[in-house]
Amino acid sequence: MCSVIKRERLLVTSWNSKCAIGGKAYDSLAAAHQALMTQKTFNLEMFFQLLAVCHTVIPDYIDPHITFDSETLSYKNLKEYINYEAESPDEGALVEAAAKVGFAFMYRTPSSVLIMDAGGKRHKYDIIAVNAFNSTRKRMSVVVRNERGEIFLLCKGADNMIFAGSSDTAATRKLYDEHLTAFANEGLRTLLCAVKKLSQEELSDWMKLYKEAELMVSERDEALAKAAEIIERNMSIVGATAIEDKLQEGVPETIANLADAGVKLWVLTGDKMETAINIGYGSKILTSDMRVVTLKCDSAEKVKYELEELQRVVKLSTDVKFLSRMKQRFKKTLKFGNPFKKPGTVDNETKGVVATNAPAGIAEHVDVELAIDNGDHTEIAVDDNRSSSDMSSDGAYNRTSPTLAIVIDGPTFKFVSEDASLLKTFWNIGKVCKSVIACRVSPAQKAEFVKLFKRKVTLAIGDGANDVSMIQAAQIGVGIKGKEGRQAVNSSDFAIGQFRFLERLLLLHGRWNYRRMAKVILVSFYKNAALVFTLFIFNCAALMSGVSLYDSFVYAGFNFFTGMPPLLIGIFDKDLSEESILRMPVFYSSGREGMYLNYRKMTQWMIRGLITSLIVAVIPIVSYITDLGVPTFSGQSNDISGIQAYGTFIFTTLFFAVMFTIGMETLTWNGIYAFFFFGSYLFYICVIVTLSNMLDLYTVYYKVADYVLGSGYYWLHSIFIATIVLLAEIAFKYTRQMFYPGALDIAM
């Protein structure tokens, strides 16, 4: 199972927030504010004006009697009366940051924005045009006119998009890139801010294109995006923001437990690679024992070379693990004689990429260390001195042994997605990776990642509008109701309030429900197989004459009589307590590996149905119950309704045997289940007795049930047959638990 994970952001704007303005980095918002008060440079002023004006935030006044033009409203008490409603936490945090340093956003109309400075003076900015943010552009910009009549383009967005539209020197871009990298290494979310001063002529020429795009009926969004690209050129970078991004409570622990359960974790994000890696370690997506490989290439040739080298090393590593597993499995086969574990069987996690034969000369325990840089070479260090402590009791590498994780950026994945052979190579590598982090990816690329691994069961979880495409692409979509709106929730199959609830959704309720549904299917298959096999056995005894053993009405009601217990198993049955499952996430692998519903299980239950039908049908045939008017199969009959009585006897005995088996398979007994389980017996008897006493409507079945249920032979044979069925079930369970125990049998 592949799980595509995205965290919910909890942004904290405080005096400790960092930024870089005019090429100078500030360790706190307070330091930037102090510089603004003393220097009053263009970059400092434009940076905070941009944060206060370039956004889509709506001010929400808490007191209905206070409005933006109220005299009681001042800069000092502004925060007491206004809440900022933002499309994303990032945008709200930036507006609050600007308010702290003297650029407080107060009011918005479709054509203007009102700002209050630290002295309480209001400043109006006319909004001429807005180029909205989208996941492809990764930036937004506004064209404004200030009170002095100056026209500016204010733009903020992802660093790669702003750098592409910047006219600054290479030295300036390099300086800002160093600042952004330093912020990202601390796990901060970064944006670049840029401005461009426009003349009236430039604005007039561009507004013609903008108005034409606005009036288009079809492909309007594409036309507006093209118009925005035209004006978002030759901009000057004025600063960079760095916002603290805190994970929700319980995220690292949840991810660690999901990893222990065997779920492969993928993070798809639009952050910088350094930010993504830092958050990966903070959330335990990446751990210190992992070999982290970064794929960041600028050409398809480099991508091909690095993926081929990586695949070669991954194949070598998995071949070594294959030998280890085979050796341990052979030992278990000798010890337990397990017929279901064939020597040479490949585990699911390596199936498809593990060679059946290891390269000659490879030591039995080899640790492959991998480090691929952004250049054109690969360094591989092989250490064949691995100690036995690195092996777990089952022969597989334990949690302290090295595992592989890949970090890939959006441009590199674009090269991969355009080449079918590279995509296949990446698929093979990704299957054996513990974690994958994709950074700087667009929503469309997120969906491509999910579709790539959709051959497995994929779950996508996100909290924002840019996660909708990946949520819809996965087999299971989970939306987090957070601070980024309800788009993800509205597009998902399941909605949760916090990421940590995913642990209970998957490991607890997911496992319980999988096991319940599997048991309902198997029990339903079993009881119908037993019913059909009795007919087949009777027809063999009747020389294929076509005589119907069961009354048609009673036969049609079999699943109705036995329907409630399996249904309630699907609702209430629990094999392990909540505490046990959450304490041992490895039990989730039973569903991931399909242990409760597969061809082998279906075959086992079909055999059980055959055995039950043999016991129920053959014993009465052999015993010649002539006292019931049952035919002796020699052409003689003691009663005209003998076949009806014999069929009712077999059917009733089968009903009791099937119900006994269902009862033995039930692990959770409560008042509701007990009521319907024992009530099914009473209901069945009431139905057949009622039918047998309806002479006018059901002549052929008249008094048959009374005669069968009143016979001592019936009760003697029923008790005898039920005892044999119970003994057969007990023998089956005892043999399985004593000689072929599973992890659940050991835990219980």
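Residues numbered from 1 in each chain as written. Predicted model: local features only at pLDDT ≥ 70, side-chain atom pairs only at ≥ 80, totals over all residues. Heavy atoms only, no water.

K.L.:
How would you sum up the pattern of salt bridges? Please name residues and give values.
P.N.:
Within the structure shown, the criterion is met by 24 salt bridges. One salt bridge connects Arg312 with Glu309, and the closest N-O pair in it is separated by 3.2 Å. Residue Arg312 and its partner Glu309 are located together in helix α11 (residues 300–336), separated by three residues, close to a single helical turn. Looking at Arg312, the relative accessible area reads 47%, which means it is partly exposed. We classify Glu309 as buried; its relative accessible area is 19%. (Salt bridge = Lys/Arg side-chain N within 4 Å of Asp/Glu carboxyl O. Helix = DSSP H or I, 4+ residues; strand = E, 2+ residues; numbered from the N terminus. Buried < 20%, exposed > 50% of the residue type's maximum accessible area, 1.4 Å probe, protein only.)

K.L.:
How would you sum up the pairing of strand β13 (residues 236–246)? Please name residues and give values.
P.N.:
Burial of β13 is extensive: eight of the eleven residues sit out of reach of the surface. Relative to β13, strand β3 (residues 18–21) is paired through four bridges, and the arrangement is antiparallel. Of the residues in β13, the one forming a bridge with Cys19 is Thr241. Relative to β13, strand β12 (residues 189–198) runs antiparallel, the two being bridged by seven bridges. Across the sheet, Cys193 pairs through a bridge with Gly239, a residue of β13. (Pairing = 2+ DSSP bridges.)

K.L.:
Which residues make up the pairing of strand β5 (residues 58–61), and what values go with them?
P.N.:
Side chains of β5 alternate between two faces, with Pro59 and Tyr61 buried and Ile58 and Asp60 left unburied. In this sheet, strand β6 (residues 82–85) lies alongside β5 in antiparallel orientation, the contact comprising four bridges. The residue bridging Pro59 from the neighbouring strand is Tyr84, located in β6.

K.L.:
Run through unusual backbone geometry, naming residues and quoting values.
P.N.:
The phi dihedral of Asn234 falls on the positive side, at around 55°, and the residue is not glycine. Tracing the sequence through the fold places Asn234 in the loop between α8 (220–231) and β13. Classification of Asn234 as exposed rests on a relative accessible area of 54%.

K.L.:
For the packing of helix α12 (residues 410–417) against helix α14 (residues 443–452), give the residues involved together with the corresponding values.
P.N.:
If you want to describe how two helices pack, look at the angle between their axes and the distance between the axes. Interhelical geometry of α12 versus α14 gives an angle of 50° and a closest axis separation of 11 Å. Comparing the axis directions of α12 and α14 gives the class oblique. Once α12 is placed against α14, the crossing between them reads as left-handed. For the pair α12 and α14, contact is made by Gly410, Phe413, Lys414 and Ser417 and by Gln445, Glu448 and Phe449, respectively. Grouping the amino acids of the contact of α12 with α14 by side-chain chemistry returns two nonpolar, three polar and two charged. (Axes fitted to C-alpha atoms, helices over the stretch in contact; angles between N-to-C directions. Parallel < 35°, antiparallel > 145°, perpendicular 65-115°, else oblique. Left-handed = near helix turned anticlockwise from the far one by under 90°. Contact = heavy atoms within 4.5 Å. Nonpolar A, V, L, I, M, F, W, Y, C, P; charged D, E, K, R; others polar.)

K.L.:
Go over the nonpolar core, please, and point to the residues and values.
P.N.:
Soluble globular proteins tend to pack their nonpolar side chains together in the buried interior. In terms of nonpolar packing, the biggest core is built from 48 residues, with Phe48 and Leu154 touching the most fellow members. Tallying contributions element by element places helix α2 (residues 42–53) first for this core, with eight residues. Other than its neighbours up to four places away in sequence, Phe48 contacts Ile21, Leu29, Ala32, Leu36, Ala98, Val101 and Phe103. Counting residues in hydrophobic clusters, the runner-up holds 47 residues, among them Ala530, Ile650, Phe677 and Tyr684. (Core = buried A, V, L, I, M, F, W, Y, C linked by side-chain atoms within 4.5 Å.)

K.L.:
Let's hear about the side chain of Thr668: which residues, and what values?
P.N.:
In this structure, Thr668 sits in the loop between α24 (642–665) and α25 (671–692). A polar atom in the side chain of Thr668 sits 2.8 Å from the backbone nitrogen of Lys574. Setting aside anything within four residues of it in sequence, one finds Thr668 in contact with Phe572, Asp573, Lys574 and Tyr673. (Polar contact = N/O pair within 3.5 Å; in protein donor to acceptor, adjacent residues only side chain to side chain.)

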